[in-house]
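Fold and geometry: a report
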Amino acid sequence: MSKFDFDLFVIGAGSGGVRAARIAAGHGARVGICEASRVGGTCVIRGCVPKKLLSYAAHFSEEFEDAAGFGWEVGEARFSWSRLIENKDREIDRLNKVYLGLLSDSGVVLYDGHGKLLDSHRVQVGDDIISAEKILIATGGRPWKPEIPGVEHSITSDEAFHLEALPGKALVVGGGFIACEFAGIFNGLGSEVVQAYRGDQILRGFDQDVRDTVAAEMKKKGIDIRLGVNVTELTRHADGLITAQLDDGSEIQADTVMFATGRVPNVRGLGLLDAGVHAKPGGMIPVNEYSCTNVPNIFAVGDVTNRVNLTPVALMEGHAFADSEFGGSPRPVNHGFIPSAVFSHPPVATVGFSEKDAKIHYGELDIYKSVFKPMKHTLSGRDEKTMMKLVVQKSSGKVVGLHVVGMDAPEIVQGFAVAIKSGLTKQQFDRTTGIHPTAAEELVTMRVPLQG
Ligand code: NDP
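Quick look at the structure, then. Treat the numbers as computed from the prediction; the structure is a model and nothing was measured. (Residues numbered from 1 in each chain as written. Predicted model: local features only at pLDDT ≥ 70, side-chain atom pairs only at ≥ 80, totals over all residues. Heavy atoms only, no water.)

A separate point is the sheet that holds strand S17 (residues 340–342). One open sheet holds the 5 strands; their spatial order is S17-S18-S21-S20-S19, and the pairing between them is antiparallel. Edge positions in the open sheet fall to S17 and strand S19 (365–372), since each of these has one partner strand only. Each strand of the sheet is rotated relative to its neighbour by a mean of 10°, with strand direction disregarded. Two elements, S19 and strand S20 (residues 386–393), share 8 bridges in a ladder whose sense is antiparallel. (Pairing = 2+ DSSP bridges. Helix = DSSP H or I, 4+ residues; strand = E, 2+ residues; numbered from the N terminus. Axes fitted to C-alpha atoms, helices over the stretch in contact; angles between N-to-C directions.)

Okay, here's the thing in structure tokens:
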């Protein structure tokens, strides 16, 4: 009989934690898990899932407009924010229950409350002190805002999902995933939107053609993107309006100011020091390729490790950890060629290297690029372009980067990610038959690389 209450105790029931707990239990481990908020974590409760539902809602405004070119007469469209939020909340409740069911069906014992490490084998949750042979930290991250005067008048994505009303005028600060996605959501639903970003183009780190294309398309939709600016102060007036002071001397008035300026690992009150777990300044917990911290029986997966902060990566890390520690099949996590998408309007999806980074890693390249009007817009009349790009290593012919901006980009790139991850060459792309008429066929029919 083990001297511990559990073989594994997981702190945090988000994507990574729940996956690890379930898989470990499936391998026969006795597993406990605790959650301070709602089971499901950022992705399900206040991230990917509700965001995508809001993004769907925001697309309808253009669908109604586009319908006219196809012979439809659509009456005056009206939008109810409260109905959308109510329906979204119902779906999140359903998913929360699904997650709870997944845990109980696999025999995982759930503790409601914040978990605090007491030492390397004990966790306190409320009045309970629980011991475990192995501990997994899967506490995720939380939004971060710069400490400027008046920042308390602003919101983050956490609150954006529960606003009482759709903003009339929104200022979204940041140029990353969340800022671009919410700029598109608010704009599509009818808010006036300014997006203020400190850099020279939104979506730093993405391929330059992706950044330029998506920014141009977002502007066409009416999003006022201001580059090279920082918000230095917020002042709230008696009528509820907020004035944002920018460091170029300009001011922006808005009823909602949302900071999407990054997320930080959730390690507050976790007792890392008491357990001897090292963390970097800012909270990130360094781990090896088996997700092990500096303490041999304590592991960490997901955003708290700040490796690649995406739900499917946390799932992959949690699964690999459970298989390695409890399934008798140790395997490191492979973080190469992870596809990702930004659900901006239009969306972006990408796998592999940007042209700039590929040059550093792979030397000489062939670049294939196509910018075209999607077939739908020949009749809708909408002035929106799709951009597709392949980055190919000249010496091997390997496709090392694939980028799409435009309708259905995430659905298209998911399939192509298999090819890129498998190291397929441009020649193998060329041998693949296109599906006609689609936009995706462009990725197997581009024949002439860009010159010089
Ligand atoms: P990102 O890291 O993507 O973007 C943060 C943005 O805030 C950047 O534009 C950054 O600028 C800016 N910023 C940072 N600090 C400051 C500051 N002090 N003042 C002004 N601007 C600042 O973070 P997000 O919050 O958008 O998202 C967090 C993570 O969540 C993402 O990295 C992603 O991994 C994940 N995510 C994934 C989604 C998806 O898969 N679709 C959706 C949403 C989130 P700069 O570029 O100059 O550093």
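Back to the text.
Within the fold, Ala-29 resides in the loop between helix H1 (15–26) and strand S2 (31–35). Ala-29 gets classed as buried once you look at its relative accessible area, which sits at 12%. Sequence separation of Ala-29 and Val-287 is 258 residues, and the distance between their C-alpha atoms is 22 Å. Discounting residues that sit within four places of it in the chain, Ala-29 has contacts with Asp-7, Ala-24 and Phe-326. (Buried < 20%, exposed > 50% of the residue type's maximum accessible area, 1.4 Å probe, protein only. Contact = heavy atoms within 4.5 Å.)

Right, let's get into the site of the ligand. Taken together, 20 residues surround the ligand, and among them Ile-178, Tyr-197, Arg-204, Asn-309 and Ala-341 come closest. Contacts to the ligand include Phe-177, whose backbone N or O atom sits 3.3 Å from an oxygen atom. Tyr-197 places a side-chain nitrogen or oxygen 2.7 Å from an oxygen atom of the ligand. Relative to its unbound accessible surface of 900 Å², the ligand loses 77% to contact with the protein. The element that contributes the greatest number of residues to the shell around the ligand is helix H6 (residues 177–189), accounting for 3 residues. A breakdown of the residues in the shell around the ligand according to their chemical character gives 8 nonpolar, 7 polar and 5 charged. (Near = heavy atom within 4 Å. Polar contact = N/O pair within 3.5 Å; in protein donor to acceptor, adjacent residues only side chain to side chain. Areas by Shrake-Rupley, 256 points an atom, 1.4 Å probe, with all protein chains shown as cover. Nonpolar A, V, L, I, M, F, W, Y, C, P; charged D, E, K, R; others polar.)

Now for a nonpolar patch on the surface. Nonpolar side chains collect at one region of the surface, where Tyr-56, Phe-60, Phe-64, Phe-70, Trp-72, Val-74 and Leu-379 lie side by side and expose about 770 Å² of accessible area between them. By residue number, the principal contributor to the nonpolar patch is helix H3 (residues 48–67), which donates 3 residues. Relative to the helices and strands, Val-74 resides in the loop between H3 and helix H4 (81–105). We classify Val-74 as partly exposed; its relative accessible area is 44%. (Patch = residues over 30% accessible without salt bridge, like charges linked within 9 Å, V, L, I, M, F, W, Y side chains within 5 Å. Salt bridge = Lys/Arg side-chain N within 4 Å of Asp/Glu carboxyl O.)

Now for the sheet that holds strand S14 (residues 256–259). Overall, parallel pairing links the 4 strands, which are arranged S10-S9-S8-S14 in an open sheet. The sheet terminates laterally at strand S10 (224–227) and S14, the two strands that pair on one side only. Taking each pair of neighbouring strands and ignoring which way they run, the sheet shows an average axis angle of 15°. Alignment of strand S8 (residues 169–173) against S14, held across 4 bridges, turns out to be parallel. Directly across from Val-173, in S14, lies its bridge partner Phe-259. Contacts from H6 reach S8, strand S9 (192–197) and S14 within the one sheet, and its direction differs from that of S9 by about 165°.

Another point: the packing of aromatic side chains. To describe a pair of aromatic rings, one takes the distance between the centres and the angle between the planes. Within this structure, the stated rule accounts for 12 aromatic pairs. Arranged with centres 5.7 Å apart and planes meeting at 65°, the rings of Phe-9 and Tyr-111 form a pair that is edge-to-face. Taken together, the residues span a long stretch of sequence, with Phe-9 in strand S1 (residues 6–11) and Tyr-111 in strand S3 (residues 109–112) at a distance of 102 residues. For the pair Phe-9 and Tyr-111, one class covers both residues: buried. A ring pair is formed by Phe-177 and Phe-206, whose centres lie 5.7 Å apart and whose planes are at 65°; its orientation type is edge-to-face. Taken as a pair, Phe-177 in helix H6 and Phe-206 in the loop between S9 and helix H7 (208–220) lie far apart in primary sequence, 29 residues in all. Overall, the relative accessible area of 32% leaves Phe-177 in the partly exposed class. According to the relative accessible area criterion, Phe-206 is buried, its value standing at 14%. An aromatic cluster is present here, built from Phe-6, Phe-9 and Tyr-111 joined pairwise through their rings. Sitting over the face of the ring of Phe-326, Lys-134 holds its NZ or CZ atom 5.2 Å from the ring centroid. Across the ring face of Tyr-368, the terminal group of Lys-426 is positioned such that the distance to the ring centre comes to 4.3 Å. (Phe/Tyr/Trp six-rings, centres within 6.5 Å; stacked < 30°, edge-to-face > 60°. Lys NZ or Arg CZ within 6 Å of the ring centre and 35° of its normal.)

Bringing the pairing of strand S18 (residues 348–352) into the picture now. Counting buried positions over the 5 residues of S18 gives 4, a clear majority of the element. Sheet topology places S17 next to S18; 3 bridges connect them, and they run antiparallel. By the bridge assignment, Val-342 is partnered in S18 with Val-348. Summarising the sheet, S18 and strand S21 (residues 399–405) pair through 5 bridges and their orientation is antiparallel. Note that in S21 the partner of Ala-349 across the bridge is Val-404.

Here we come to unusual backbone geometry. Pro-346 follows His-345 through a cis peptide bond whose omega is 0°. As for its position among the elements, Pro-346 is in the loop between S17 and S18. The peptide bond linking His-436 to Pro-437 adopts the cis configuration, its omega dihedral lying at -5°. By the secondary structure assignment, Pro-437 is in the segment after helix H13 (426–430). Within the chain, Leu-203 stands out as a residue other than glycine whose phi angle is a positive 60°. Here Leu-203 shows up in the loop between S9 and H7. Even without a glycine there, the phi angle at Phe-337 is positive, about 45°. Assignment of secondary structure puts Phe-337 in the loop between helix H9 (311–326) and S17.

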